Amino acid sequence: MSEWWTYTLSDFLMFSQRSYYRLIALYNEAVWPAHLLALAAGLIVIGCIARPGAHTRRIALLVLAVAWGWVGWAYQLERYADINTAGPWFALAFGVQAVMLCFMALQSRAATPAGMQKQVALGLTGLAVIAYPLLAPGSGRGWSQAEVFGIVPDPTAIATLGVLLACRAHPIAWLIPLAWCAVSGATLMELRVCYAWLLPTFAILAVAAGLLFRHARRSPVH
């Protein structure tokens, strides 16, 4: 029996790149035209970041809560669990994040991100909502395998990081989205997906921006 430290992530993967994207294609077909509603929701979130305030903050967080709850149930539990035994645990984590986002929405505190912070948040969320679905046709897999915010986990997590950055959210709220970026990014790397580096890169960018702006607020003005 091999020692545990000799195992790599590929030893635990129970599916191929083809099976993974076939799952997404079948899922997209089953839930269409929910993608149109998800796209509209994503544009609403972008608009909320562009016009920060207590009301728009609440809307953005509630939209994200619904997205995390839906993805946790419809994708993680109902589909992804068929090819990955960790699917139910991922579904639970997504449910926890949905509850956390709802709790944050009930708070009355309004966030007013600084100019550059707002631009980074808008960039992350805009890339997740608008650009991420283009990766599938751009890499030759076709629209049937497009990954859409509010439908599948990866763009949903990226968009959430943008909103959390704009809201100056507590670090606890970041844990599950960041963990998913790490897990999914590692999985895509093992599957040899050409854009696997995007998720960890966006996660690092969001964290770096959050730390930078937090430090800037605490620094004394001379």
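Under the annotation held in an unreviewed UniProt entry, the protein carries the name MFS transporter permease and is attributed to Massilia arenae.

### Thoughts on the pattern of salt bridges
Counted under the stated rule, the structure contains one salt bridge. The partner of Arg-141 in a salt bridge is Glu-147, and the shortest N-O contact between them spans 3.6 Å. For the pair Arg-141 and Glu-147, a shared accessibility class is recorded, and that class is buried.

### Let's talk about the environment of Met-104
You can see Met-104 is positioned in helix 4 (residues 87–106). For Met-104, a relative accessible area of 8% corresponds to the buried category. With 66 residues separating them in the primary sequence, Met-104 and His-170 have C-alpha atoms 9.5 Å apart.

### Examining the confidence of the model for the protein
Across the protein, pLDDT averages 87, with 86% of residues at or above 70. Looking over the protein, one finds the lowest element-wise mean pLDDT in helix 9 (residues 198–218), namely 82, and the highest in helix 4, namely 95.

### Things to note about the packing of aromatic side chains
Counted by the stated rule, this structure contains ten aromatic pairs. Ring geometry for Phe-90 and Trp-180: centres 5.1 Å apart, planes at 85°, overall edge-to-face. One end of the pair, Phe-90, is in helix 4; the other, Trp-180, is in helix 8 (residues 171–190), with 90 residues separating them in the sequence. In terms of burial, Phe-90 and Trp-180 fall into one category: buried. Here the aromatic rings of Tyr-132 and Tyr-195 are separated by 6.2 Å at their centres, their planes lie at 85°, and the arrangement is edge-to-face. With Tyr-132 in the loop between helix 5 (115–131) and helix 6 (135–138) and Tyr-195 in the loop between helix 8 and helix 9, this pair connects stretches of sequence that are 63 residues apart. Owing to a relative accessible area of 3%, Tyr-132 belongs among the buried residues under this scheme. Within the aromatic cluster, the residues linked to one another by ring pairs are Tyr-20, Tyr-21, Tyr-27, Trp-68, Tyr-75, Tyr-80, Phe-90, Phe-94 and Trp-180.

### Things to note about the environment of Pro-133
The topology assignment puts Pro-133 in the loop between helix 5 and helix 6. Between the alpha carbons of Pro-133 and Val-148 there is a distance of 5.3 Å; along the sequence they are 15 residues apart.

Criteria and thresholds
Residues numbered from 1 in each chain as written. Predicted model: local features only at pLDDT ≥ 70, side-chain atom pairs only at ≥ 80, totals over all residues. Heavy atoms only, no water. Salt bridge = Lys/Arg side-chain N within 4 Å of Asp/Glu carboxyl O. Buried < 20%, exposed > 50% of the residue type's maximum accessible area, 1.4 Å probe, protein only. Helix = DSSP H or I, 4+ residues; strand = E, 2+ residues; numbered from the N terminus. pLDDT = per-residue confidence, 0-100. Phe/Tyr/Trp six-rings, centres within 6.5 Å; stacked < 30°, edge-to-face > 60°.

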